[in-house]
Structure formats: structure tokens, C-alpha cells
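Structural overview for review
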Amino acid sequence: MKMDEIKVRRSLREVLPPKRAQSVPPPPKPQYVRTSRAPRRFRLGWFVGAVFVLVFVIFFGTLALARVTVEITPTLINLPLSDTLTISRDGKGLAFDVVTLPTQTASKVVKVSGTEKVSRSASGQIVIYNNYSSAAQKLIANTRFQTENGKVYRIRDAITVPGTKIVNGKVTPGSVETTVYADAPGADYNGEATDFTIPGFKGDPRFDKFFARSKTALTGGFIGEAPNLSEEEESRTRAQLRADITRDLLNEARTKIPETFILLDSLALVDVKDVSDLGFSDNGSAVTLKESATLTAIILPRAGLLEKLVGARVPGFTPGDLEINNMADLRIAFNNTPTNSLMEVKEETLQVSGSVVLTPIINQIDLASKLAGVKKSEIDEVVSQVRGLEKIKVTYRPPWLRGIPSDPTRITFKFPVS
């Protein structure tokens, strides 16, 4: 056997390379870990600072917007009155003006039962003119007025027609409005507006200078069967219609007069007329009652009236310093109610009675100037120096204000609701 062919058996350790000494890794290097949380004392400081800034902003921000509301309570002055007041157009007394409203109507349907035989005379409004002289002319009750077609109508009460007057250099007839009634019942006397003469003046120079003209149609004349309306129901309904139309006329008149004037119910004359035709309605089961009315009223200047009523009766105040709270409670009425149209009134005497409550007029601009910048403890002293001011109540916004803002425009005034 050849040597190179001899296989020598060797161990596994002899074949594998020797093991190296196992190395130990070095310890890891320390690392710094960053965190978002600051130390506790640091965080508390930031929080306190933020709160302080917020409070600062809110506090001074609200001070910059500070406002106060001042509720004013003026001193009330009671003044009893019992006087005679003269009003005139020529400067001898308190000047006045007259307001008139056109005719208005009100109606209501009333249920009826049955019919009755009736006989009614026509009637209508006329205006009587005096173009004869400047002297007034009295016409007695039942004076006749005749139309061109010969029909006769009469006035039921005596009346005085004013004389002529000069207006803008021209002679203007005196005039007065009244109601005429047909001399006989029936529909024949119903008719449109027309002209009238006064037969009693025939053969007298006054005949051509006194005349009348219709202001409304002549209506209401009727003979025959009419709805049987009880007197009680008719009276109650007419009273309500007249009250309603009078109230509406007065309210409308007050909207038409200047704010510097005042209209009192007692100085208004409302001429109400029955203009019902009393015909059947609703298939004969009802009738329509209708009333018409015109209003003429004397209106007085507020400032002038206050001057006359108060004068020097309130020590320390002039009439211009005061205003009347309860004018509606004061009674001012004609000493003698005029018989003619108020448009013809030159001078009248009024009776004044009652008790008025006067309120001093507080100058709010001046008061705001006095209160601006005043501390709470100094407010009463300021109030005591303002004439006619009893007390004030101040509402602060924000409530922690120590006084009134120095800017007067941040002060709002109001009066207590009575």
C-alpha cells in the first residue's frame, strides 16, 4: 500500500479552526432624554402670570367701556288753581287758534221686530250768511228758509248770524251753520243741496243780503211703515255711536295740531246729527242707525297757558322751568258756551279749576357735566345742588365701578315710570 493513499484519521477538533476568545461588548454610553414637561415651580409661575394678564385686560377693558344709568326723580310741586282766564285774538288775553275737522259718520245695524206707522220730516245742514251789515242778526226759532222750488224748511232754535268782516281788504259775509227741518213730513222734502232765501225778510233790504246754502243733502223725510225699533235700544245705540265718533274726532284732531298747542275736550264743540234713513236691512229684520258729527275746537299754546296758570306762584321757578304732568285733570271750560261757530269767536272767558302737578325741567346735559367723574360718596352732594332734583338712582356697569365715568357721554338718563 502506498503511503499517499493512506487515510489518516483525524479528530474534528483538529480539522476545525481554533475558537477565538469571545469579546465582551463595552457598556452603553449614557443618553439624555428630552421631556416636554417643565419643572413644577416653572409651570406655576407661567400660570399665575397668564391669569394676572387676563385679569388686567378684563379689568381695564371693562373700565374703558364703563357706563352708568341715572334714574332721575324730580321734585313734584302741587299747585291748586281757581282762576278766570281770558283768551282773545287781539292780544288782550291768551292768544288761541281754532281747529276744525270735516264731517265724519258712524253707524250700527240693530235688530228689530215688526213695523210701525211713522211720519218723519227731512232735515239737513245749512250755512246762513249775513252780507247785510257788520252788525250781528238774530233769527228767532222757527224762522223759515225757502228753496227755489218753493219748499219751506225751518230752524228749531234761535240763532245769531255774525256780521260782515274785512279780510285782506275785502268784505266777507258773516256765517253760521245750523240744521233745518222740513215744514211737512214725507219724502217730497228730501233732496240734494240747494240755496235758500228767508221769506220773512221779503220787502226788506235784508232779503237780498241774507241767504243760506246747504252743507249736506236734505234727507230723512218719510211717511209709511218703518222698522219698530224700541226707544230704549235706539237711545242706547245712538249714545254709543255719538261717544265713539266724538272720541275719534278728538283723537284725530290732536294728531293734526302743532306740538306746541294743546286741545282740551272741554273746549271742543262736537255737533252730532242723526242721519239715519231708518230703512229696512237684512230682509226686514234690522235697521241701520247712523250719526254724523263735525268738530270745532279752540286750541291753546302750551307755553302761554303755563305762563298764565303758573306765573310767579312757584318760588324759585319761572314757568319756563316747569311742565304740567296732569293737564287732563285740570278743568278749563267756557264761562258761557258760544252759541255760534267757534270760528267766529273773538274773545272768550274760561273758568279754570283743579290742582296741577308741576315737574321741574332737568337740564340733562348740565347734570351729566356735574356728575362726570364724581365718586359714589360725593353724589348726594351734587344732587343737593341741582334745583328741582329730589334724588337719583345710579346703576353701574360693571358693578364694581367706584364712581361715575369722567366722560359725560357714558351717562344715560331715564325717568321712573309713574
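See the structure printed just above.
Residues numbered from 1 in each chain as written. Predicted model: local features only at pLDDT ≥ 70, side-chain atom pairs only at ≥ 80, totals over all residues. Heavy atoms only, no water.

Digging into the packing of aromatic side chains
Keep this limit in mind: Each aromatic pair joins two rings of Phe, Tyr and Trp (for Trp, the six-membered one) with centres within 6.5 Å, and gets the label stacked for planes under 30 degrees apart, edge-to-face for over 60, and tilted for any other angle. Each helix corresponds to a stretch of at least 4 residues labelled H or I by DSSP, and each strand to a stretch of at least 2 residues labelled E; elements are numbered beginning at the N terminus. Categorising residues by exposure relies on relative accessible area from a 1.4 Å probe, with only protein chains included: less than 20% of the type maximum marks a residue as buried, more than 50% marks it as exposed, and the intermediate range marks it as partly exposed. By definition here, charges over rings are those cases where NZ of Lys or CZ of Arg is within 6 Å of the ring centre and within 35 degrees of the ring normal.
Under the criterion given, the structure shown has 5 aromatic pairs. Between Tyr 153 and Phe 196, the ring centres sit 5.9 Å apart and the planes meet at 90 degrees, which makes this aromatic pair edge-to-face. Of the two residues, Tyr 153 is situated in strand 9 (residues 152–154) and Phe 196 in strand 14 (residues 195–196); the sequence distance between them amounts to 43 residues. Phe 196 sits in the buried class, given a relative accessible area of 2%. An aromatic cluster of three or more residues is present, and its members are Tyr 132, Phe 201 and Phe 210. The ring of Tyr 181 has Arg 156 lying over it, and the distance from NZ or CZ to the ring centre is 3.5 Å. Over the ring of Tyr 396 we find Lys 376; its NZ or CZ atom is 4.4 Å from the centre of that ring.

Brief notes about the side chain of Ser 292
Our working rule: Contacts are residue-level and defined by heavy atoms, with any inter-residue pair within 4.5 Å sufficient.
With respect to the helices and strands, the residue Ser 292 is situated in strand 19 (residues 286–301). Among the residues examined, Ser 292 registers a relative accessible area of 10% and is labelled buried. Contacts of Ser 292, omitting those with residues within four sequence positions, involve Thr 103, Gln 104, Thr 105, Ile 245, Asp 271, Val 272, Lys 273 and Val 275.

A word on the environment of Thr 100
Tracing the sequence through the fold places Thr 100 in strand 4 (residues 97–111). The sequence separation of Thr 100 and Ala 297 amounts to 197 residues, and the corresponding C-alpha distance is 6.5 Å.

Points about helix 4 (residues 302–310)
Rule in force here: The arc in question is formed by the directions pointing from the helix axis toward the C-beta atoms.
Every buried residue of helix 4 is listed here: Leu 305, Leu 306, Leu 309 and Val 310. Buried residues along helix 4 cover an arc of 110 degrees about the axis, so they all sit on one side. The positive-phi residue at the C-terminal boundary of helix 4 is Gly 311, with phi of around 55 degrees.

All quantities given are derived from atomic positions and should not be read as evidence of function.
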